[in-house]
Amino acid sequence: MVPMPSAENWLAARGWQPFDFQREVWQAVAQGRSGMLHATTGSGKTYAVWLGMLDELLRRHPPARGAEPLRAIWLTPMRALASDTTKAIAEPLRHLAPEWAIGQRTGDTPSAERARQDRRFPTVLVTTPESLSLMLTREHAREELQDVEYVVVDEWHELIGSKRGVQTQLALARLRRLNPAVVTWGLSATLGNLDEAMQVLCGQDVSPAPLLVRGKIEKNLVIDTLIPPDPGKYSWAGHLGARMQQPVVDEIAKSGTTLVFTNVRSQAEIWYQLLLEARPEWAGEIALHHGSMDKATREWVEEGLKQGTLRAVVATSSLDLGVDFLPVERVLQIGSAKGVARMMQRAGRSGHAPGRASRVTLVPTNTMEIIEAAAARRAAQAGRIEERAAPEKPLDVLVQHLVTIALGGGFRAEELFEEVRGAWSYRKLAQEEFDWALAFCARGGESLTAYPDYHRIAQDEEGIWRVRDRGIAKRHRLGIGTIVSDAAMQVKYMSGSNIGTIEEGFIARLRKGDCFFFAGKLLEFIRVQDMAAYVKKATRNKGTVPTWQGSKMALSTELGDAVLEMMQRAAQGDFFEPELQAARPMLRTQERLSIIPTPDSVLIEAFRSREGFHLYVYPFAGRHVHLGLASLLAWRLASERPNTFSMSVNDYGFELVSAEEFDLGPVVDKRVFSTANLLHDVLASLNSTELAQRRFREIARVAGLVFSGYPGQPKSAKQLQASSGLFFEVFRKYDKGNLLLGQAEREVLSQELEISRLRATLARLVRKPVAFAELKHPSPMSLPLMVERFREQLTTEQLSARLDRILKDMEQSSET
């Protein structure tokens, strides 16, 4: 009898030897254990889990029997990853089980392929969390999914901290209900809280216990900095950006294929134009890639990267995740990555194969980012990677899931309650909360009882909850998912060909003839028609750059601590790191005019100017926390003595400015940093109702209260906002017990203000001694905060003149 070909034999036939961690995963899979594999990018994680699963499937279901039902699901967070993953796992399948089909099911899957899958699912399916949830709405979902034996969740670090991760948890809980023996594995390259992340993925009280495998292979990670010449004594956000144009061009010119990462789409558009401006002959050799561009263009760029035909690509997080671009030799990160995990993830886009070095070069756009670059390298070498926590029982996702399961064959309430509690995020879900969500789906809560559109589920004569209305079913399927973005408009040429999408708010500000850069092109706006913005190629040389809504990335705790440690070395006279040497003029000026911040104390500066009285505090906790802290301190100071404050924040600290002098005593003695009555004071210090209403827009859409429109007939941002705002006001007045209102408030605190991190920051500030400096002139640490505030008040020309005057005054004072 000829022995069955095994996955390991398949590897050997290609001259490949498995790593020890791959064998460890294969053994665990053979024992029926779930788990998580944490290994560097490009180390072979895909084959570590897939070949182990494939071996077991071959043993249990000999291919000679012919086609098999759906046995394995591979979940990926991005559609772009689905094609690469499908190719990778299809290769051994084609040799070892050619009778078995493999397919993809994402939002990009052609209708003909979907129809084929509707008749019979393939044996192996690569899909996304949203498409898996859609599969759960199918009438015969139970029969179609009960044979699934394996689930792989790729890039788990990308999902765990979001509602998409919660959606994944609920889908996995459903699959475990259909087949309690299903084995689940997660893949990740950058996570700090590995044990908790594995528990969130694999569920609670699992037997046999899940296994955490750390894939340790020798992989060289090179992190260096493109240091600007003469960064100067003072710097502010973007100060060095344009000055880095030529150094970046020079690095690309002497390298192989290069990925140039920026943190936001508008910055990517700007840097693409900067590269073309410096080297026009590179047209066609460099490209732009971000999520708002047309899918066909993005695919062309991705193929160019894979084939090595592109010299460089300027990209955002749209290329962060594990698509294999083997020709990429190095990565340039424009500005700070703001987190160690994000930097390492982007570094892994280069040298994406076992044995090849990954290299990321950090390109600072201000002097503090030069110090941040050295800190990020040290943190990465020490393995100080950020943790990611799963959201706690978001009820909007639960409401959506109840309707999903009601569509997919229906459910009994007591059974689904236990199933949902098997998902980590709902492990503390109370029966009363589940009952409220059930009643909300059935009747629309206390205030929507009279409206049939919100009676989405009903019990049949057997006590099973189902969706009876076809219109409700159709709208629900169209609205499944937790990715909520502002309404976007298609951008099209007059011929009708598509360029991409831009947020409606930007288009609304344009007049006919206005020019703007988008998708690397200079376009002239013509008109809006049928929710599309029509444009033509511009003949002028200048245009604006679109801005997309969304908060800036905030500095992580781990990176903030590492920056303070770097500054402490400088305070002690240690400038050994090349980045510290470059930042030395700024650090020495800070030391002369004030104090260099260190981890052992909290720096507080005070300054009097023609504007009034300035207070500067530097917790190094990131801009989101600093916004909450600034609002809190302003409110507490004004409570003691009525006053009005202006504020500005950045990742290192915040500024409070008042025309009237105020008592610094409560700040210096740290009374204002108390955590007592924190929740009350934070909500009182902000327009919490406005913040909660803004957050409720997302909740209303996830929970199915607001419908975004049918394909080809989308609703405008104004319509969506009006609808969600109406629900918010109705619930506040007539349904005060509506739990979605409480969720909106909790999300404001946890996500926009990072209340747990804010509390921890206050506790640290109380423990530390104060290093107080009264300034005669703005310090290098305080000037960037001034600039942040000036930018909201002044034109670019006025800001430039103001800065020139400030810098001239400071230089003159330093000479006397």
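Residues numbered from 1 in each chain as written. Predicted model: local features only at pLDDT ≥ 70, side-chain atom pairs only at ≥ 80, totals over all residues. Heavy atoms only, no water.

Peer 1: Would you take a moment to explain the overall build of the protein for this structure?
Peer 2: Of regular secondary structure, the protein possesses 32 helices and 27 strands. Here the C-alpha radius of gyration of the protein, 28 Å, is about what a compact globule of 816 residues would show, namely 28 Å. Each principal axis of the C-alpha atoms in the protein carries an extent, and together these give about 95 × 65 × 60 Å. A buried classification covers 58% of the 816 residues belonging to the protein. Counting only contacts in the protein whose residues sit at least 6 apart along the sequence, the fraction spanning at least 24 positions is 74%. Summing over all exposed atoms, the protein offers an accessible surface of approximately 34200 Å²; the carbon and sulfur share of this is 49%. (Helix = DSSP H or I, 4+ residues; strand = E, 2+ residues; numbered from the N terminus. Rg over C-alpha atoms; globule rule 2.2 N^0.38 Å. Buried < 20%, exposed > 50% of the residue type's maximum accessible area, 1.4 Å probe, protein only. Contact = heavy atoms within 4.5 Å. Areas by Shrake-Rupley, 256 points an atom, 1.4 Å probe, with all protein chains shown as cover.)

Peer 1: Just to check I follow, could you spell out the nonpolar core for this structure?
Peer 2: Formed by 79 residues in total, the largest nonpolar core has its most connected members in Leu145, Ile457, Phe696 and Leu705. The leading source of residues in this core is helix α16 (residues 395-407), at nine residues. In contact with Leu145, other than residues within four places in its own chain, are Leu70, Ile73, Met135, Leu136, Leu175 and Leu178. In this structure, Ile596, Phe620, Met781 and Phe790 belong to the second largest nonpolar core, which totals 61 residues. (Core = buried A, V, L, I, M, F, W, Y, C linked by side-chain atoms within 4.5 Å.)

Peer 1: Got a minute to help me understand the pattern of salt bridges in this structure?
Peer 2: Two side chains with opposite charge may pair up if their charged atoms get near one another. Tallied over the full model, the rule gives 46 salt bridges. Across the salt bridge formed by Arg764 and Asp561, the nearest N and O atoms sit 2.7 Å from each other. Of this pair, Arg764 sits in helix α30 (residues 755-767) while Asp561 sits in helix α21 (residues 557-571), placing them 203 residues apart in sequence. Taking the relative accessible area as the measure of exposure, Arg764 reaches 29% and is therefore partly exposed. In this structure, Arg671 engages Asp669 in a salt bridge whose closest nitrogen and oxygen atoms are separated by 2.9 Å. Look at Asp669 and you get partly exposed, because its relative accessible area is 42%. (Salt bridge = Lys/Arg side-chain N within 4 Å of Asp/Glu carboxyl O.)

Peer 1: Is there a simple way to explain the side chain of Ser131 in this structure?
Peer 2: By the element assignment, Ser131 lies in helix α6 (residues 129-136). Owing to a relative accessible area of 5%, Ser131 belongs among the buried residues under this scheme. Not counting residues up to four positions away in its chain, the partners in contact with Ser131 are Arg105, Thr106 and Gly107.

Peer 1: Explanation requested: the environment of Ala659 in the structure shown.
Peer 2: By secondary structure assignment, the location of Ala659 is in the loop between β24 (654-658) and α25 (665-668). Between the alpha carbons of Ala659 and Glu611 there is a distance of 6.3 Å; along the sequence they are 48 residues apart. Not counting the four nearest positions on each side in its chain, Ala659 is found in contact with Glu611, Gly612 and Phe613.

Peer 1: What's the story with empty space enclosed by the protein in this structure? I'm lost.
Peer 2: Per the counting criterion, the structure on display carries four cavities of 30 Å³ or more. If you add up the space inside the largest cavity, you get close to 100 Å³. Taken together, 15 residues line the largest cavity, and the ones lying closest to its centre are Gly335, Ser336, Ala337, Leu362 and Ala373. At the level of secondary structure, the elements contributing two or more residues to the lining of the largest cavity comprise β13 (358-363) and α15 (367-381). The element best represented in the lining of the largest cavity is α15, accounting for four residues. Of the residues that constitute the lining of the largest cavity, the class distribution is eight nonpolar, four polar and three charged. Considering each element in turn, the lining of the second largest cavity owes the most residues, four residues, to α16. (1 Å grid on protein atoms, 1.4 Å probe; cavity = no way out; pocket = protein on both sides within 12 Å on 5 of 7 lines; lining within 4 Å. Points joined across faces, edges and corners; volume = space filled by probe spheres on them. Nonpolar A, V, L, I, M, F, W, Y, C, P; charged D, E, K, R; others polar.)

Peer 1: How do you make sense of the side chain of Thr190 when you look at a structure like this?
Peer 2: With respect to the element layout, Thr190 can be found in the loop between β6 (183-188) and α10 (194-202). One polar contact links Thr190 to Gln345, side chain to side chain, over a distance of 3.2 Å. When residues no more than four places from it in sequence are discounted, the contact partners of Thr190 are His38, His157, Ala341, Met344, Gln345, Ile385 and Arg388. (Polar contact = N/O pair within 3.5 Å; in protein donor to acceptor, adjacent residues only side chain to side chain.)

Peer 1: When you look at the pairing of strand β1 (residues 35-39) in this model, what are you seeing that I'm missing?
Peer 2: Residues in a regular strand point their side chains to alternate faces of the sheet. With five of its five residues buried, β1 lies for the most part within the structure. Along β1, one buried face is formed by Gly35, Leu37 and Ala39 and the opposite face, lined by Met36 and His38, is buried too. Both β1 and strand β7 (residues 211-215) contribute to a ladder of five bridges, which runs parallel. Within β7, the residue paired with His38 across the bridge is Arg214. Where β1 and β6 come together, four bridges link them in parallel fashion. Of the residues in β6, the one forming a bridge with Met36 is Gly186. (Pairing = 2+ DSSP bridges.)

Peer 1: Quick question: what am I supposed to make of the packing of helix α9 (residues 163-178) against α16 here?
Peer 2: Packed helices, taken two at a time, are described by their axes: the angle between them and the distance between them. With their axes 10 Å apart at the nearest point, α9 and α16 run at an angle of 35° to one another. Here α9 runs over α16; the crossing is right-handed. Here α9 contributes Lys163, Val166, Gln167, Leu170 and Arg174 to the contact with α16, which in turn contributes Asp396, Val397, Gln400, His401 and Ile405. By residue class, the composition of the contact of α9 with α16 is four nonpolar, three polar and three charged. (Axes fitted to C-alpha atoms, helices over the stretch in contact; angles between N-to-C directions. Left-handed = near helix turned anticlockwise from the far one by under 90°.)

Taken by themselves, the reported measurements are silent on function.
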